[in-house]
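Remarks on the overall topology
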Amino acid sequence: MSRGRLLNVAALVFGIGVMAALCMKIGWHEIGRQMARVGWGFVWVCVAGSASNVVEAAALWIAIDRRCSFSRVYGASIAGAAVNQFTPLSEAGEAIKWNLLKDAGGSESVASGVLAWNVCFRITKYAYAFLAPLMVLLVHPSLFPARTLALLEVAAIVAFIPSLIFFILVWSGSAEFVVRMFQRLPFLRTHDPAPLLERARRIDVLVRRFAGSRLGDALAINALLFVARLLSGLEVWTAQRALGADTDVPTALFLYGGMLIVSVYLSIAPVQIGVAEAGQYFLFGLVGMSPALGFAQGLVRRVRALISNALGFAYLAYRSARVEPRPGPPDGLPPAGPP
């Protein structure tokens, strides 16, 4: 079994095990009670959440230069997102995306696309988190205390610092930096690092093209990912409406911005399920809304996410069971024709 397939299988087994354990921890009775409470309103929660997933996959499809079918990119996207839900810092799934797509048109091109997608994801995530309190201040100037809004803005700025360091590393050559760091570790050191360093440099060059010849793609990716954030905000609104709350759209969009900020501080948790809902309970209390509503809407949205995670793991199982294709041509070279 190749290392790539072994990685897929390990992520699949780990993810399914943790997902099952957490469902039992939440309690099937509690899940059923909340689902009965929202009724058919859950359909709209699924529509908004699934639309966000589709738009994120469209951004990834552009990032890898449309090198394979959109359906395959969508499958890899939800599989990677599922793994992210069950790992600290929500980053392990990015390796799964690359692993599932690397034979679609060049390992290095796909790696640079996934890396560029992550840069754009962070840009739009923090842009949304910064703008959400300002938006609600314009629409509902007296709904939330100015001190609370200022606190969220400061929290967003502090949370942005690790991503700022990430941006600097990407621009200065993050792939080469990672390879050089791994060479310092005895259990990861290779006998001849030159080939790995050369591949890393090519990945860094491909990433920098998003600020040059692929600037149009970079702008499209950022636009799509910002739309995905808005759709996630609408998912928050549909969940609260399904629970009987009279929350309006601007307030729900603001609350989602706060959830993004809180999630950064809670991302070091081993898994996000349960921890994220607790964070939303705290956030609703902080802004003067019902903490119980915060937890309930978080649980409803978590059930929707678990359905998406199950689909992602199903796709990961399908891809892991397939016969591995032969390696494709090197990046940038056309397939060899008949002799």
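This write-up is about the structure you can find in this document. (Residues numbered from 1 in each chain as written. Predicted model: local features only at pLDDT ≥ 70, side-chain atom pairs only at ≥ 80, totals over all residues. Heavy atoms only, no water.)

**Focus: the overall build of the protein chain**
Using the following cut-off: Secondary structure elements are defined from DSSP: runs of H or I of at least 4 residues count as helices, runs of E of at least 2 residues count as strands, and each element is numbered from the N terminus. Three exposure classes are used, based on accessible area relative to the maximum for each residue type with a 1.4 Å probe and protein chains only: buried under 20%, partly exposed in between, and exposed over 50%. Contacts are residue-level and defined by heavy atoms, with any inter-residue pair within 4.5 Å sufficient. Using a 1.4 Å probe, accessible areas were evaluated by the Shrake-Rupley method; residue-level cover was limited to the displayed protein chains.
Helix and strand counts for the protein chain stand at twelve helices and zero strands. Here the protein chain holds 339 residues, and 50% of them are scored as buried. Partitioning the contacts of the protein chain with sequence separation of at least 6, the portion at a separation of at least 24 is 75%. Of the roughly 16700 Å² that the protein chain leaves accessible, carbon and sulfur atoms contribute 71%.

**Observations regarding the environment of V300**
Looking at the element boundaries, V300 is found in helix α12 (residues 291–321). Between the alpha carbons of V300 and A242 there is a distance of 9.3 Å; along the sequence they are 58 residues apart.

**Here's the deal with the pattern of salt bridges**
We apply this condition: Throughout this description, the term salt bridge denotes a Lys or Arg side-chain nitrogen within 4 Å of a carboxyl oxygen of Asp or Glu.
Under the definition given, this model contains eight salt bridges. Across the pair D217 and R66 runs a salt bridge whose closest N-O atoms are separated by 3.8 Å. Here R66 lies in the loop between α3 (41–63) and α4 (70–85) and D217 lies in helix α9 (residues 215–242), a separation of 151 residues in the sequence. Assessed through its relative accessible area of 17%, D217 is described here as buried. Classification of R66 as partly exposed rests on a relative accessible area of 40%. The partner of R301 in a salt bridge is E235, with the nearest N and O atoms 3.9 Å apart. A residue pair is termed long-range when its members are at least 10 positions apart, and R301 in helix α12 and E235 in helix α9 qualify at 66 residues. E235 matches R301 in its accessibility class, with the two residues each being buried. A cluster of three or more residues bridged by salt bridges with shared partners is formed by D65, R66, R214 and D217.

**A look at the side chain of Q297**
For clarity, the cut-off: Identification of polar contacts relies on pairs of N or O atoms within 3.5 Å, with a donor-acceptor requirement for protein atoms, meaning one able to donate a hydrogen and the other able to accept it, and with residues adjacent in sequence counted only if both atoms are side-chain atoms.
Position of Q297 relative to the elements: it lies in helix α12. Within the structure, Q297 has its side chain in polar contact with the side chain of Q280 (distance 2.6 Å). At 3.0 Å, the side chain of Q297 and the backbone oxygen of G294 are in polar contact. Ignoring anything within four residues of it in the chain, the contact list for Q297 reads V236, A239, Q240, L243, M259, Q280 and F284.

**As for the packing of aromatic side chains**
As a reminder, the rule being used: Note on aromatic contacts: the rings of Phe and Tyr and the six-membered ring of Trp form a pair at centre separations within 6.5 Å, being stacked when their planes are under 30 degrees apart, edge-to-face when over 60 apart, and tilted otherwise. Consider the ring centre and the ring normal. A charge sits over the ring if Lys NZ or Arg CZ is within 6 Å of that centre and within 35 degrees of that normal.
Tallying each qualifying case throughout the model produces nine aromatic pairs. Note on W117 and F121: the rings are 5.2 Å apart at their centroids and 20° apart in plane angle, and the pair reads as stacked. One end of the pair is W117 and the other is F121, both in helix α6 (residues 107–139) and four residues apart, which spans about a single turn. Judged by its relative accessible area of 4%, W117 falls in the buried class. Each ring, one from F144 and one from F254, has its centre 4.7 Å from the other, and the planes form 40°; the classification is tilted. Taken together, the residues span a long stretch of sequence, with F144 in the loop between α6 and α7 (146–182) and F254 in helix α10 (residues 249–266) at a distance of 110 residues. The exposure classification of F144 matches that of F254, with both residues buried. One aromatic cluster is present, formed by W61, F70 and Y74 through successive ring pairs. We note K97 situated over the ring of W117; from NZ or CZ to the ring centre the distance is 3.9 Å.

**Some points on the environment of P133**
Relative to the helices and strands, P133 resides in helix α6. Residue P133 is classed as buried on the basis of its relative accessible area, which comes to 5%. Remark: the alpha-carbon pair of P133 and G258, spanning 125 residues in sequence, is separated by 8.2 Å. Those residues in contact with P133 that sit more than four places away from it in its chain are L149, L152, E153 and F254.

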